[in-house]
Amino acid sequence: MAFFRNLDRWVANARAEQERIHRAARGAMPAVGRDVRDMVRNRIPPGASPAGITNAFGGYAATGRMKASFVASPVTEEGGRIRARVGLRAGYAAVDGIKAYVHEDGAVIRPRRARALRFEIGGRVIFAKSVRIRPKGYFAAAWEQARQEAPQRLYVRFLELYR
């Protein structure tokens, strides 16, 4: 049976190649996760809306806290799949998470314990019964960009590590 003479060596080579592919894929994922994280961060402009309109009240998006809150988690393996997740930092304060979602999806903010909201713009005190935050879609826009660009970035990074 000449066919089975080299079977052990063939199986060993196939397993070694499978492990080499797995190492390259696992090594490529952190870079792709960081790329996607940076796509989200780059979509959050300091002190301006996505349309380029300067914010009268710089507020949350302009502080850099929202940018810094988006992180790429360590690579995990689940059911044979290698994953890099991008999202809000673990342990992120609940109120800051709500602010990020408000900027993403938009909302109307109303006072909870007072008759009016109070804030300052240009040294003037402003009172308002409500404030409408327009949806900015930072994450949604970055996610769409990532869906288009990440496969090519993963492929390039994989080839760098596989060779």
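Presented here is a report on the structure given in the accompanying data block. (Residues numbered from 1 in each chain as written. Predicted model: local features only at pLDDT ≥ 70, side-chain atom pairs only at ≥ 80, totals over all residues. Heavy atoms only, no water.)

1. Quick notes on the pattern of salt bridges
Working step 1: The tally for this structure, following the rule as stated, stands at 10 salt bridges.
Working step 2: Among the ionic pairs, Glu 19 bridges to Arg 23, the shortest N-O distance being 3.8 Å. Within this pair, Glu 19 and its partner Arg 23 are both found in helix H1 (residues 7–43), separated by four residues, close to a single helical turn.
Working step 3: A relative accessible area of 52% places Arg 23 in the exposed class.
Working step 4: For Arg 157, the salt bridge is made with Glu 160, and the minimal N-O distance between the two is 3.0 Å. Here Arg 157 and its partner Glu 160 are both found in helix H5 (residues 138–162), three residues apart, which amounts to about one turn of the helix.
Working step 5: The class of Arg 157 is partly exposed, set by a relative accessible area of 27%. (Salt bridge = Lys/Arg side-chain N within 4 Å of Asp/Glu carboxyl O. Helix = DSSP H or I, 4+ residues; strand = E, 2+ residues; numbered from the N terminus. Buried < 20%, exposed > 50% of the residue type's maximum accessible area, 1.4 Å probe, protein only.)

2. Focus on the pairing of strand E7 (residues 124–128)
On any regular strand, side chains alternate: one points to one face of the sheet, the next to the other face.
Working step 1: Where strand E6 (residues 117–121) and E7 come together, five bridges link them in antiparallel fashion. Counterpart to Ile 121 in the pairing with E7 is Arg 124.
Working step 2: Once E6 ends, the chain turns through two residues before running back antiparallel as E7, passing Gly 122 with a positive phi of about 55°. (Pairing = 2+ DSSP bridges.)

3. Describing the packing of aromatic side chains
Working step 1: On inspection of all chains with the given rule, the structure shows two aromatic pairs.
Working step 2: A centroid spacing of 6.4 Å and a plane angle of 10° characterise the contact between Phe 139 and Trp 143, whose relative ring orientation is stacked. With Phe 139 and Trp 143 both in helix H5, this residue pair falls four residues apart, about one helical turn.
Working step 3: With relative accessibility at 25%, the residue Phe 139 sits in the partly exposed group.
Working step 4: Pairing Phe 158 with Tyr 162 gives two aromatic rings, centres 5.4 Å apart and planes at 15°, and the pair type is stacked. One end of the pair is Phe 158 and the other is Tyr 162, both in helix H5 and four residues apart, which spans about a single turn.
Working step 5: Across the ring face of Tyr 162, the terminal group of Arg 20 is positioned such that the distance to the ring centre comes to 4.0 Å. (Phe/Tyr/Trp six-rings, centres within 6.5 Å; stacked < 30°, edge-to-face > 60°. Lys NZ or Arg CZ within 6 Å of the ring centre and 35° of its normal.)

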